[in-house]
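# Examining the three-dimensional arrangement
Below, each chain spelled out in residue letters.
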Amino acid sequence: MDQKPFKVVIVGGSIAGLSLALMLERNGIDFVILEAYGSIAPQVGASFGVLPNGLRILDQLGCYESVLKMAEYPVDTLQFRDSQGQVFWTFDNFEGTSIGSHGYPVVFLDRRMLIEILYEKIQDKSKVITSQRVQSIENGTSSATVTTTTGETYIGNIVVGADGIHSKVRQEMWKAAEKIDPTWVDPTERSALPATYACLFGISKGVKGIEKGTLSSVFNEHYSYLVPSGPGDLTYWFLVRNMGKTYYGADIPRFTKEEEEAFAAEHFDDQITPTLKFADLYKSKIASAYSSLPEYVYKRWHFQRIITTGDATHKFEPLTGQGGNNAMETAASLTNHLVAALRNCQSGTLSSADISKVFESVQQQREKRAWALVKASHARQRLECQETPLLKFIGRYVVPRFPKSVHLGKWVNTYAPAVSLDMLQLPHKPREIAYFDERFRTPSSRGVVSILLYAAYFLLAWLGYRQLSTALRANGTMGLVRQAIKGQSVPLPGGVEAPLRQVYTGLGAVDLILNVIVTIFLPAVANFSTPEQPLQVLYFLASMMPIIAIWTVEGFRPRNKWTLLAAPSLWAVLYQLRGIGLIAPLYYAASTYISSGIVYFSPSTRTLPESTARALLPAMILGFAVPTIMLFFPLADSLITRQIFIALWQPAPIYVVILTQIFSRIIKSIGSSTLAKTNTAATESRSDGDIPHLKTLYTVVGGVSACFHVALLLSWAALGTNFVTRAFIPSAAFAQVTTIADGVFIFFQNDFLLVAAASLLWCLASVWDLYRLGVSNVSWQVTLASLILGSVVIGPGATIAAVWYWREEAMSQTSFRRHGPGL
């Protein structure tokens, strides 16, 4: 595109200004950069950490490879050190983790090196003018005029202030606002800029004892160090101290070189590592500076044809490295909105109202994220400076014990929402976490829906307790069970008395529980008082197969480790004793709580080892299907032997878990041969190597459940609606029953309806989670309609299996494309 009539005057030739200029040039928008210094990349002693959110933009601008080459050593090891320099926490393979999750590493280089890379990429360098310090800015009806201290004037459609925390552009913007609209700028903002910390930072050469590719944080009380290795024999360092109080505005101190040297001397004996002191860093420095660290996001970023960006808009602590990276994000946001506005206008230029709308859109997109990152950086600095005894304890003993998934989750929240350039293609970088602008929509929290889900699950659990546990006692079923146990025989339909087996394991407490369960189950599987009872029982057990399979799968997922979902055997014990209609809603409530974060849905946390995925189907067949078949297998001495099968069937879901572990080990062992090992290694490294086996599992268990649903439909066609209604619509749960068989039949009817309702709600919420996170484009309305249709056509059990079949593929995606404007 060619938009020569439109021109941007950029004040400031550092990272914010140069990156914006390069973005404008790529879009054919005219610009000029006014830099106050005499050179475009002076050495001021500062290093620059380029993070994935910044590298992604640099990749779009064609600078990524140059940055990697200049930096030489991406960060591969994070270390937390105590005041003696001893490592108390480390994160190895950080480079691989960062690239695997976000497509890019973290690198450090001189600030001037990055400036040089950006400058070299600009095609028309005559537009970058040095020794031009701004004196005044005048807004006009169709343009803005910048006058410099040399008397030169530069006219543009807009002026962008990329001139740092003490921005002259911001001062001129406030001055213009005071004349035209005094309410535009909050008068307290002139003194609102706070600074609690000061930083002595520098670059050293030839330091021994800092390994390449490391980033060390050294914790101390009220001060801390950040020491990243640099390219070649360079080492970067930051010594941050709490100034004792928070200063504001004009009261923020500025330090002389003498004050810097005195402060440095006070810390010469500080240990960076057990063999390296701060004196070793400072005495080998080639550049250094000492300054206060303001932290703030201004309330107004723009007025009329003037807007600020970078440190002039949002100033960060250096600890998290987000200052310059967010400067590039804001530049990208401004470019996106400006290009979109120019494309939509007819004249090739923009009115004052159009420009105000562009500026408002930029602030609206970026302000909340900038504030969140500024606050997070401050909180991190307080932690590393051990500002309170509690923070000291947390930093030293709690944070190192966090699972690495917790740290990964924080990085996801930091990088994934980042802005990039809408109109430039994103280079292909396979990764697990999609950036927000690559998703179908910007992820959102569950909000009030989360409360509604918990309420629904707990309501279903309460109904389960009422319709199952309470009803069994109230309708006389448990009284009949106690009589049967006391009389050591179970009355069956047709006047048959089945003697009860008294010993199963030889353990009194266990045998008593099994006696109760066998007494309840025997009339349900051995003899039926009505013809619809066998259909209901078989249909129920077949529908449980997908649920048991899914709960077992979730129990082995890495993301559920150390959570309640990691114990499917515990849930199995609970629902075998209390009814799955009562326990399932509680399981789904736990799942809802555990799965609230974005990182929960990353492919690596989803993926099972292939050996485990292979083991699940045979474990389901031998652990659940075979014992279930044996419940109904014709036996010569059926009433005696069948009681043993009923007792053996009770732990069937636990068998599935145990057999999965056993078969997984066997499969892994078989794969140790040379050829199998090669194939296994290639597959195990893939994030989707488990999917074919999981899909087979869902197909089989869903198919079994669907077959019984077809049998139900055929029964309906052959025997009429009343037969099906009697089979699945329970009678009054609290009405007195005359036999155990009738009471148990009503129990199973309620149990099935409750677990089906809870499971289908879980499916609806699970698919909607992927929708709200922008991973899929299947809305809750479509999902609800599909669940209803599926339950009618193939049954709820098969429908649940089908949802998980689809969901595995949706969650495993590691190749993304932009869904935003411009592409």
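A brief look at the structure comes next. (Residues numbered from 1 in each chain as written. Predicted model: local features only at pLDDT ≥ 70, side-chain atom pairs only at ≥ 80, totals over all residues. Heavy atoms only, no water.)

### Section: the overall build of the protein chain
In terms of helices and strands, the protein chain carries 28 helices and 24 strands. Counting only C-alpha atoms and orienting by the principal axes, one finds that the protein chain spans roughly 110 × 65 × 55 Å. Across the 823 residues of the protein chain, 56% fall into the buried class. At a minimum sequence separation of 6, the contacts of the protein chain that also span at least 24 residues come to 76%. Counting every atom, the protein chain has about 33800 Å² of accessible surface; 60% of that belongs to carbon and sulfur. (Helix = DSSP H or I, 4+ residues; strand = E, 2+ residues; numbered from the N terminus. Buried < 20%, exposed > 50% of the residue type's maximum accessible area, 1.4 Å probe, protein only. Contact = heavy atoms within 4.5 Å. Areas by Shrake-Rupley, 256 points an atom, 1.4 Å probe, with all protein chains shown as cover.)

### Comments concerning the pattern of salt bridges
Side chains carrying opposite charge are able to pair once their charged atoms draw close together. The final tally for this structure, using the stated rule, is 26 salt bridges. By sharing partners, the salt bridges in this structure join E554, R557, R559, R606, D690 and E808 into a single network. (Salt bridge = Lys/Arg side-chain N within 4 Å of Asp/Glu carboxyl O.)

### Focus on helix α15 (residues 508–525)
Under the 1.5 Å per step criterion, the end-to-end length of α15 is 25 Å for 18 residues, consistent within 8% with the ideal 26 Å. The largest bend along α15 reaches roughly 25° and is located at T519, with the proline P523 sitting one to four residues downstream. Residues of α15 that are buried include every one of D511, L514, N515, I517, V518, T519, I520, F521, L522, P523, A524 and V525, and no others. (Expected span 1.5 Å × (residues − 1). Bend = angle between axes of the 7 residues up to and from the residue.)

### Observations concerning the sheet that holds strand β12 (residues 194–205)
Spatially, 7 strands are ordered β5-β4-β13-β14-β15-β12-β18 in an open sheet, and the strand pairing comes out mixed. Edge positions in the sheet fall to β5 (87–91) and β18 (285–294), since each has one partner strand and no second. Between one strand and the next, the sheet's axes are offset by a mean angle of 15°, whatever the strand orientation. Across 5 bridges, the pairing between strand β4 (residues 77–81) and strand β13 (residues 214–219) is parallel. Bridge pairing in β13 places Q79 opposite S216. Contacts from helix α7 (residues 257–266) reach β12, β15 (234–248) and β18 within the one sheet, and its direction differs from that of β18 by about 100°. (Pairing = 2+ DSSP bridges. Axes fitted to C-alpha atoms, helices over the stretch in contact; angles between N-to-C directions.)

### As for the nonpolar core
Judged by nonpolar contacts, the single largest core of 201 residues is most densely connected at V8 and W551. A per-element tally of this core places helix α26 (residues 740–772) first, with 16 residues. When neighbours within four sequence positions are excluded, W551 is seen to be in contact with P568, W571, Y575, I580, A584, Y587, Y588 and W762. (Core = buried A, V, L, I, M, F, W, Y, C linked by side-chain atoms within 4.5 Å.)

### Overview of unusual backbone geometry
The backbone of N93 shows a phi angle near 55°, a positive value even though the residue is not glycine. Here N93 shows up in the loop between β5 and α4 (94–102). In this structure N93 comes out as partly exposed when scored by relative accessible area, which is 46%. One non-glycine residue with positive phi stands out, namely W562, at about 65°. Among the secondary structure elements, W562 is positioned in the loop between α16 (532–556) and α17 (568–578).

### Details of a nonpolar patch on the surface
A grouping of W780, L784, I788, L789, V792, V793 and I794 is seen on the molecular surface, where their side chains present a nonpolar patch of about 640 Å² in accessible area. Among the secondary structure elements, I794 is positioned in the loop between α27 (780–793) and α28 (796–811). Judged by its relative accessible area of 32%, I794 is partly exposed. (Patch = residues over 30% accessible without salt bridge, like charges linked within 9 Å, V, L, I, M, F, W, Y side chains within 5 Å.)

### Details of the sheet that holds strand β8 (residues 134–139)
If you walk across this open sheet you meet the 3 strands as β8-β9-β10, and the pairing is antiparallel. Two strands close off the open sheet at either side, each with one partner strand: β8 and β10 (153–156). Sheet twist, expressed as the mean angle between neighbouring strand axes with direction ignored, is 20°. Sheet analysis places β8 next to strand β9 (residues 144–148), joined by 5 bridges and oriented antiparallel. Considered in β9, the bridge of E138 is made with T145.

### A few points about the pairing of β10
Alternating positions in β10 separate cleanly, Y154 and G156 being buried on one face and T153 and I155 remaining unburied on the opposite face. Two elements, β9 and β10, share 4 bridges in a ladder whose sense is antiparallel. Counted as the bridge partner of A144 is G156 from β10. Here β9 folds back onto β10, and the loop between the two strands holds 4 residues, one of which, G151, carries a positive phi near 90°.

### Some words on the packing of helix α25 (residues 721–728) against α26
In a pair of packed helices, the angle between the axes and the distance between the axes together describe the arrangement. Running from N to C, α25 and α26 point in directions that differ by 90°, and their axes come no closer than 8 Å. One element, α25, and the other, α26, form an angle in the roughly perpendicular class. In this structure, α25 uses R726, A727 and F728 to contact α26, whose residues at the interface are F745, Q749, F752 and L753. (Parallel < 35°, antiparallel > 145°, perpendicular 65-115°, else oblique.)

### What about the environment of G623?
Note that G623 resides in helix α20 (residues 610–632). On the basis of relative accessible area, G623 is assigned to the buried category, the value being 0%. Sequence-wise, G623 and L659 are 36 residues apart; in three dimensions their C-alpha atoms are separated by 6.9 Å. Apart from residues lying up to four places away in sequence, G623 is in contact with P618, A652, Y655, V656 and L659.

### Considering the packing of aromatic side chains
Counted according to the given criterion, the structure contains 43 aromatic pairs. Geometrically, the ring pair formed by F91 and F94 is edge-to-face, given 5.9 Å between the ring centres and 85° between the ring planes. A single burial state applies to F91 and to F94, both of which are buried. These aromatic residues form a ring-pair network of at least three members: F521, Y539, F540, F624, W649, F728, F747, F748 and F752. For the cation-ring pair, R170 lies above W174, with the distance from its terminal atom to the ring centre recorded as 5.6 Å. (Phe/Tyr/Trp six-rings, centres within 6.5 Å; stacked < 30°, edge-to-face > 60°. Lys NZ or Arg CZ within 6 Å of the ring centre and 35° of its normal.)

### Side note on the environment of P274
Residue position: P274 is located in the loop between β16 (271–273) and β17 (276–277). On the basis of relative accessible area, P274 is assigned to the partly exposed category, the value being 44%. Between the C-alpha atoms of P274 and W551, which are 277 residues apart in sequence, the distance is 49 Å. For P274, the residues in contact, after removing those within four places along its chain, are R81, Q84, G85 and Q86.

### Describing the side chain of E808
Secondary-structure assignment places E808 in helix α28. Among the polar contacts made by the side chain of E808, one reaches the side chain of R606 at a distance of 2.6 Å. In contact with E808, not counting residues within four places along its chain, are V553, R557, R606, I691, L694 and Y698. (Polar contact = N/O pair within 3.5 Å; in protein donor to acceptor, adjacent residues only side chain to side chain.)

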